[in-house]
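Now for the letters of each chain:
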Amino acid sequence: MIRVVLPSHLRTLAQVSGEVMLDIEGPVSQRSVLDALEACYPMLRGTIRDQVSGKRRAFLRFFACKRDLSHEPPDFLLPEAVASGAEPFLVVGAVAGG
Amino acid sequence: MSTVRLLVGTRKGAFVLTSDGHRQKWEINGPFFGGWELYHLKGSPVDPNRIYASQCSGWFGQMIQRSDDGGKSWTPVGNKFVYDGVPGTHQWYDGTPHPWEFKRVWHLEPSLTDPDTVYAGVEDAAMFRSTDAGQSWQELSGLRGHGSGAHWMPGAGGMGLHTILLDPSNAARMYIAISAAGAFRTDDGGKTWLPKNLGLKSDFMPDPTAEVGHCVHRIAMHPSRPNVLFMQKHWDVMRSDNAGDSWHEVSGNLPTDFGFPIDVHAHEPDTIYVVPIKSDSEHYPPDGKLRVYRSRSGGNEWEALTKGLPQSDCYVNILRDAMAVDSMDSCGIYFGTTGGQVYASADSGDSWKAIVRDLPGVLSVEVQTLP
């Protein structure tokens, strides 16, 4: 199972608490994780990536295994620790403010 | 006794304020969608328990929420707003072509006859319609496709389509307004549109009387007289007596004719309300005095309404969608401020009282009069 940590506003929107668990067959990439996430929680469509272009929303970041994966291409394979469920895939709201 | 329900959108959530017909004691519920910007909420005139809300965030984009129980519970519905065809470009601040990009929904206008039909005014300026209660949205692209579209330019607050008026006597006729393109009218249900800005004069434009480019802030109509329109423009309060074909100024004795909202009394089609703001660069009331101005003659002669409103050290603004009127026998007027106050008058504006003082900055106020 893939573990995904969402920012609090998106947990509220999706009506989940804690981590989201996703079952993904095949390669584990940003794209496949987000596809699975949006399939389970359709209300999240458009909140993490643009619904038309598929681009990550500008003020969100993707972290895993202490690395910033935000700028990796959508089909870049996520670390094995994420694919195995040992580490979560984090969707993080960028800090904005002083 | 009838009840009154206020739908208040703020910079950090939505609030639902309810009262009986006396409108003296209010119950305040919220925040709903705490932390999100609620640009606008509006109920269906056909089914008042159906309410649509525009919820957005710089982080997470646009959501549309729908309530079918008067705002007690909400369901996210469709948030996919895709411009029809190849979007093309409009003019950017520096005069260069800029691709149309959806940013947010400024205004939601439910149909007068069908609770499943609702219109959305969006930034970058365009109009969308849903006929399935908000699940899916289609652009009425004849508006953006008007020949002038490539020359529209955003105002300082963005290029938003913020006003949608539905003609209750003619289902095919609608009016919209865009900052800073101006007013437009359709007579065929949204397929084609014509600019309706004759008589407007905007000194910030190279041709002050050009057909498009005016920064219209808000238009209002009384349902019993839909050919008469009132407009608060960037500067100037205007009136049209021929469904927008031409406009004339009715600023009269206002202390300043800059402002954002304008509204019409529920039972007196010639009684209108504005809130003068000092200037386009000083968005607060003149002299620190919060005054609503009322004209009982359809413009030109205005009286200041001050009873119950702060008359010193007040430097809030009142945004374009933040004023509404109820339809109780004694007409109620409501407005919200950028300082988080919501003021109510149960006597057509003669006296005012703050319902609540410390909400986040108010973006919009709508009112429902319920049996």
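Note that this is a predicted model, so its numbers are computed, not measured.

**Focus on the interface of chain B and chain A**
Then step 1. Contacts between the two partners involve 14 residues from chain B, matched on the other side by 16 residues from chain A.
Then step 2. Carbon and sulfur atoms make up 63% of the area that chain B and chain A hide from each other, which totals about 1,200 Å².
Then step 3. Our count for the chain B to chain A interface comes out at zero salt bridges.
Then step 4. Linking chain B with chain A are four residue pairs in polar contact (both at pLDDT 80 or more).
Then step 5. In terms of residue count, strand E6 (residues 61-67) of chain B provides more of the side of chain B that touches chain A than any other element does, three residues in total.
Then step 6. Taken together, the residues that form the side of chain B that touches chain A break down as six nonpolar, seven polar and one charged.

**Looking at the nonpolar core**
Then step 1. Ranked by size, the top nonpolar core spans 38 residues in total, and within it A:Val4, A:Leu6, A:Leu22, A:Val33 and A:Ile48 carry the most contacts.
Then step 2. It is helix H2 (residues 30-40) of chain A that contributes the most residues to this core, four residues altogether.
Then step 3. Apart from residues lying up to four places away in sequence, A:Leu6 is in contact with A:Arg11, A:Val20, A:Leu37, A:Leu44, A:Ile48 and A:Val91.
Then step 4. Of all hydrophobic cores here, the second largest spans 36 residues; its members include B:Val4, B:Phe15, B:Ile355 and B:Val356.

**Focus on the state of the cysteines**
Residues and elements named next belong to chain B.
Then step 1. Summed over the entire model, instances satisfying the criterion amount to zero disulfides over all chains.
Then step 2. The cysteine Cys-215 is free of any disulfide, with Cys-56 supplying the nearest cysteine sulfur at 19 Å.
Then step 3. Residue Cys-215 is classed as buried on the basis of its relative accessible area of 8%.

**Things to note about the sheet that holds strand E28 (residues 342-345) of chain B**
One key point about sheets: their strands pair by backbone hydrogen bonds, in either a parallel or an antiparallel sense.
All names here are of chain B.
Then step 1. One open sheet holds the four strands; their spatial order is E26-E27-E28-E29, and the pairing between them is antiparallel. Every other strand in the sheet has two partners, leaving strand E26 (323-325) and strand E29 (353-356) as the edge strands with one partner each. Put simply, the sheet's adjacent strands are angled 25° from each other on average, direction ignored.
Then step 2. The sheet contact formed by strand E27 (residues 333-336) and E28 spans four bridges and is antiparallel. Note that in E28 the partner of Phe-335 across the bridge is Tyr-343.

**A short note on the side chain of A:Gln30**
All names here are of chain A.
Then step 1. As for its placement among the helices and strands, Gln-30 is situated in helix H2.
Then step 2. The class for Gln-30 is buried, based on a relative accessible area of 6%.
Then step 3. Once residues within four sequence positions are removed from consideration, Gln-30 is found in contact with Phe-62, Leu-69, Ser-70, Glu-72, Pro-73, Pro-74, Phe-76, Leu-78 and Phe-89.

**Looking at the packing of aromatic side chains**
All names here are of chain A.
Then step 1. Here the structure, examined in full by the defined rule, presents 20 aromatic pairs over all chains.
Then step 2. Taking 5.4 Å as the distance between ring centres and 35° as the angle between the ring planes, the aromatic pair formed by Phe-62 and Phe-89 counts as tilted. Of this pair, Phe-62 sits in strand E3 (residues 60-64) while Phe-89 sits in strand E5 (residues 89-93), placing them 27 residues apart in sequence.
Then step 3. Look at Phe-89 and you get buried, because its relative accessible area is 0%.

Parameters and conventions
- Residues numbered from 1 in each chain as written.
- Chains lettered and ligands numbered in written order.
- Predicted model: local features only at pLDDT ≥ 70, side-chain atom pairs only at ≥ 80, totals over all residues.
- Heavy atoms only, no water.
- Contact = heavy atoms within 4.5 Å.
- Buried area = accessible area lost by both parts, 1.4 Å probe.
- Salt bridge = Lys/Arg side-chain N within 4 Å of Asp/Glu carboxyl O.
- Polar contact = N/O pair within 3.5 Å; in protein donor to acceptor, adjacent residues only side chain to side chain.
- Helix = DSSP H or I, 4+ residues; strand = E, 2+ residues; numbered from the N terminus.
- Nonpolar A, V, L, I, M, F, W, Y, C, P; charged D, E, K, R; others polar.
- Core = buried A, V, L, I, M, F, W, Y, C linked by side-chain atoms within 4.5 Å.
- Buried < 20%, exposed > 50% of the residue type's maximum accessible area, 1.4 Å probe, protein only.
- Disulfide = S-S within 2.5 Å.
- Pairing = 2+ DSSP bridges.
- Axes fitted to C-alpha atoms, helices over the stretch in contact; angles between N-to-C directions.
- Phe/Tyr/Trp six-rings, centres within 6.5 Å; stacked < 30°, edge-to-face > 60°.

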